[in-house]
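Listed below are the residues making up each chain.
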Amino acid sequence: MTLQQKQKEAVAQAALTYIQPNQILGLGTGSTVDCLIALFPTLPFKIKGVASSSERSSKQVEALGIPVVNLEDITSIDTYIDGADEINHHLAMIKGGGGALTREKIVAAHAKQFVCIADESKLVETLGKFPLPIEVIPMAAHYVIRKMEQMGGKAQIREGFITDNHNLIVDVEGLKITSPIQLEASINQITGVVTNGLFAARGADILLLADQNLQVRTLRK
Ligand code: 5RP
């Protein structure tokens with residue numbers, strides 16, 4: 001097993017303390033979240049229900065006999081737990097490497113508390129080394145690419161990938177993101193953009209970060 005995989009397992013283990021009985025848990029998507037789901041059976045109680053951000057996470061949760069709840073049936077969630085592709089010291093993130101950014105943002109918007117789980121390679125000074133994913137309505141993809149190139153990025157459609165919402169992902173390289181809140185809002189203004197992978201206006205509240213010795217640090221906003 002790689003060190004990074006062990007780090008993901010360490011933060012997943014640490015995240016279990018944020019899951020309470022009788023609460024609906026908001027759940028993200030990705031390999032770190034996969035580690036968390038794999039640990040659900042070790043909890044001393046059964047999770048009441050999960051608000052899921054992807055078909056991928058829903059399938060895994062349902063296989064454990066945990067109900068996946070519809071957002072229309074709830075008004076808020078206490079805790080949302082998810083990974084990140086990059087996170088800065090203000091706990092703003094780039095997400096969407098797995099293409100689930102829109103549903104992740106929707107579920108996170110319902111949460112009182114966002115707990116990010118990550119290995120320390122994800123912590124950066126400035127966001128933007130990881131290509132920024134943007135979910136777009138298919139017929140707008142080339143328009144969005146041109147707009148992002150005017151903003152200084154190099155953009156391309158993610159090949160062979162369709163989101164759970166039947167849209168495309170445009171990945172944008174080369175953006176040095178010094179004002180993530182402003183950039184998140186500007187990109188969302190481009191016609192045809194569903195949402196972009198900057199989670200800055202609503203960043204994480206807590207970051208559980210595993211180092212090379214598998215020690216987990218807790219950073220707060
Ligand atoms: C999926 C995401 C993931 O949270 C992000 O890509 C991190 O994934 P991983 O835990 O596999 O590193 O945003 O859309």
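Values in this document were obtained by computation on a predicted structure and should not be read as measured data. (Residues numbered from 1 in each chain as written. Predicted model: local features only at pLDDT ≥ 70, side-chain atom pairs only at ≥ 80, totals over all residues. Heavy atoms only, no water.)

Caption draft 1: Expanded view of the overall build of the protein. What the protein contains, in helices and strands, is six helices and 13 strands. For 221 residues, the compact-globule estimate of 2.2 N^0.38 gives 17 Å, and the protein sits close to it at 17 Å. Dimensions of the protein along its principal axes, counting C-alpha atoms only, are 55 × 40 × 30 Å. Across the 221 residues of the protein, 52% fall into the buried class. Of the contacts made within the protein by residues no fewer than 6 positions apart, 73% connect residues no fewer than 24 positions apart. Total accessible area on the protein is roughly 10400 Å²; 51% of this is exposed by carbon and sulfur atoms. (Helix = DSSP H or I, 4+ residues; strand = E, 2+ residues; numbered from the N terminus. Rg over C-alpha atoms; globule rule 2.2 N^0.38 Å. Buried < 20%, exposed > 50% of the residue type's maximum accessible area, 1.4 Å probe, protein only. Contact = heavy atoms within 4.5 Å. Areas by Shrake-Rupley, 256 points an atom, 1.4 Å probe, with all protein chains shown as cover.)

Caption draft 2: Region of interest: the site of the ligand. What surrounds the ligand is a group of 17 residues, the closest being Ser 31, Thr 32, Asp 85, Gly 96 and Lys 122. Between an oxygen atom of the ligand and a side-chain N or O atom of Lys 95, the distance comes to 2.8 Å. Within the complex, the protein chains bury 91% of what would otherwise be the 380 Å² of accessible surface of the ligand. Under a 2 Å grid-point criterion requiring more than half of the atoms, the pocket assigned to the ligand is the second largest pocket. When grouped by side-chain class, the residues that make up the shell around the ligand number two nonpolar, nine polar and six charged. (Near = heavy atom within 4 Å. Polar contact = N/O pair within 3.5 Å; in protein donor to acceptor, adjacent residues only side chain to side chain. 1 Å grid on protein atoms, 1.4 Å probe; cavity = no way out; pocket = protein on both sides within 12 Å on 5 of 7 lines; lining within 4 Å. Sits in = over half its atoms within 2 Å of the grid points. Nonpolar A, V, L, I, M, F, W, Y, C, P; charged D, E, K, R; others polar.)

Caption draft 3: Representation of the pattern of salt bridges within the structure. Throughout the structure, instances matching the rule amount to nine salt bridges. With its nearest N and O atoms 2.9 Å apart, the salt bridge here joins Arg 158 to Asp 171. Taken together, the residues span a long stretch of sequence, with Arg 158 in the loop between β8 (154-157) and β9 (168-173) and Asp 171 in strand β9 at a distance of 13 residues. Considered together, Arg 158 and Asp 171 belong to a single accessibility category, that of buried residues. The network of salt bridges with common partners includes Asp 82, Lys 95 and Glu 104. (Salt bridge = Lys/Arg side-chain N within 4 Å of Asp/Glu carboxyl O.)

Caption draft 4: Spatial organisation of the nonpolar core. Counting 26 residues, the largest nonpolar core has Ile 19, Leu 27, Leu 36, Phe 40 and Ile 81 as its most contacted members. Contributions of two or more residues to this core are made by α1 (3-15), β1 (24-27), α2 (31-39), β6 (111-119) and β12 (206-210). For this core, the leading source of residues is α2, giving five residues. Among residues more than four places away in sequence, those in contact with Ile 19 are Leu 25, Leu 36, Phe 40, Leu 43, Phe 45, Ile 47 and Ile 81. Among the nonpolar cores identified, the runner-up in size contains 24 residues, and Ile 134, Ile 145, Ile 177 and Ile 187 belong to it. (Core = buried A, V, L, I, M, F, W, Y, C linked by side-chain atoms within 4.5 Å.)

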